[in-house]
Amino acid sequence: MKKLRGVYGEKSKMHKELFDWLKDENLPEKEIPRDEKEWFKEIAVGFSRLEMEKPDLSEYYKRAEERIKDENLKRIMRKQKELGLIDYDLFRGIVQRKWSDKYGFLVPSLIQSIDFICIVGKRAWILEGKKEPDHTAIGQVLVYKDLFEQDYPDFEEVKMGIVCNELHPLNEPTARKLGISIFKKKE
């Protein structure tokens, strides 16, 4: 079990570094001013596909906001609530247990989590954070885009991207052909 924790810890560290880099570099769409964008981590998708109603987390957001001192985190939560985005950790920690009775034990556990989302007006970017744009990352953004469009239909356009530390010469051309942008973190 120690080894597993180490792997997950490294993945979390990599995701944090990629997310911070994405925001620091004002990506995607670098030409759009930073104050016209919102970045989020771990957004839940799959409700429509599983024929589940999207949970209303507004009361949980409100209670969390009252306890949180960090003004930036409060702003992010308010924006997430305004856009109707479901925080995966909140869903897993609060709603999933309650919904097991309603939908069956396993169904809520099938809900997926998108690593990063960037909102630019009515456009959403689905972004997967990986070491490189491998087969898994390509498949994930394709599926996540489809699920996101079903769960969050108010967005006029949904784009895909992979945020990575390294490039992969065999997979990168395929990703681009499929409309997946690659954002490689500069060393």
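Nothing here was measured: the structure is a model prediction, and the numbers come from that model.

Caption draft 1: Quick peek at the overall build of the protein. On a plain count of helices and strands, the protein comes out with 6 helices and 5 strands. Taken against the 2.2 N^0.38 rule, which gives 16 Å for 187 residues, the C-alpha radius of gyration of the protein at 17 Å falls within 12% of a compact globule. Projected onto its principal axes, the C-alpha coordinates of the protein cover approximately 45 × 40 × 35 Å. Going through the 187 residues of the protein one by one, you find that 46% of them count as buried. Counting only contacts in the protein whose residues sit at least 6 apart along the sequence, the fraction spanning at least 24 positions is 67%. Counting only carbon and sulfur atoms, one obtains 52% of the accessible surface of the protein, whose full area is about 10800 Å².

Caption draft 2: Geometry of the pattern of salt bridges. Using the criterion set out here, one finds 14 salt bridges in the structure. A salt bridge links K16 to D20; its shortest N-O distance comes to 2.6 Å. Within this pair, K16 and its partner D20 are both found in helix α1 (residues 2-24), separated by 4 residues, close to a single helical turn. Overall, D20 belongs to the partly exposed group, its relative accessible area being 24%. Its salt-bridge partner being R123, residue E157 comes within 3.8 Å of it at the nearest N-O pair.

Caption draft 3: Inspection of the nonpolar core at higher detail. Membership of the largest hydrophobic core comes to 32 residues, with the highest contact counts inside it found for F47, F91, F148, Y152 and F155. Those elements that provide at least two residues to this core are β1 (37-45), α2 (58-67), α3 (71-83), α4 (88-103), β2 (112-120), β3 (123-130) and α5 (135-151). For this core, the leading source of residues is α4, giving 5 residues. Leave out the neighbours within four places in its chain, and Y152 touches I43, A44, V45, K54, G84, L85 and I86. Among the nonpolar cores identified, the runner-up in size contains 15 residues, and L27, W39, C118 and F183 belong to it.

Caption draft 4: Seen up close, the confidence of the model for the protein. The pLDDT averaged across the protein works out to 88; a share of 94% of its residues lies at or above 70. Confidence drops under pLDDT 50 across residues 1-8; counting only partners more than four residues distant or on other chains, this segment forms 0 contacts.

Caption draft 5: Quick peek at the packing of α2 against α3. Contact geometry for α2 and α3: axes closest at 10 Å, N-to-C directions at 170°. In terms of axis orientation, α2 runs roughly antiparallel to α3. From α2, S58, Y61, A64 and E65 reach across to α3, where they touch K74, M77, R78, Q80 and K81.

Caption draft 6: Main features of the packing of aromatic side chains. In this structure the tally under the stated criterion is 5 aromatic pairs. With a centroid separation of 5.3 Å and an interplanar angle of 35°, the aromatic rings of F19 and F116 are classed as tilted. One end of the pair, F19, is in helix α1; the other, F116, is in strand β2, and 97 residues separate them in sequence. On the accessibility criterion, F116 (1% relative accessible area) is buried. Judged by centre distance (5.4 Å) and plane angle (40°), the rings of F148 and F155 are tilted. In this pair, the class of F148 matches that of F155, namely buried.

Caption draft 7: Focus on α2. All of the buried residues along α2 are Y60, Y61, A64 and E65. Axial view of α2: buried residues confined to an arc of 135°, hence all on one face. Away from its buried face, by an angle of more than 90 degrees, α2 presents the exposed residues E66 and R67. Those residues of α2 hidden inside the fold are in contact with α3 and α4.

Thresholds applied
- Residues numbered from 1 in each chain as written.
- Predicted model: local features only at pLDDT ≥ 70, side-chain atom pairs only at ≥ 80, totals over all residues.
- Heavy atoms only, no water.
- Helix = DSSP H or I, 4+ residues; strand = E, 2+ residues; numbered from the N terminus.
- Rg over C-alpha atoms; globule rule 2.2 N^0.38 Å.
- Buried < 20%, exposed > 50% of the residue type's maximum accessible area, 1.4 Å probe, protein only.
- Contact = heavy atoms within 4.5 Å.
- Areas by Shrake-Rupley, 256 points an atom, 1.4 Å probe, with all protein chains shown as cover.
- Salt bridge = Lys/Arg side-chain N within 4 Å of Asp/Glu carboxyl O.
- Core = buried A, V, L, I, M, F, W, Y, C linked by side-chain atoms within 4.5 Å.
- pLDDT = per-residue confidence, 0-100.
- Axes fitted to C-alpha atoms, helices over the stretch in contact; angles between N-to-C directions.
- Parallel < 35°, antiparallel > 145°, perpendicular 65-115°, else oblique.
- Phe/Tyr/Trp six-rings, centres within 6.5 Å; stacked < 30°, edge-to-face > 60°.
- Arc of directions from axis to C-beta.

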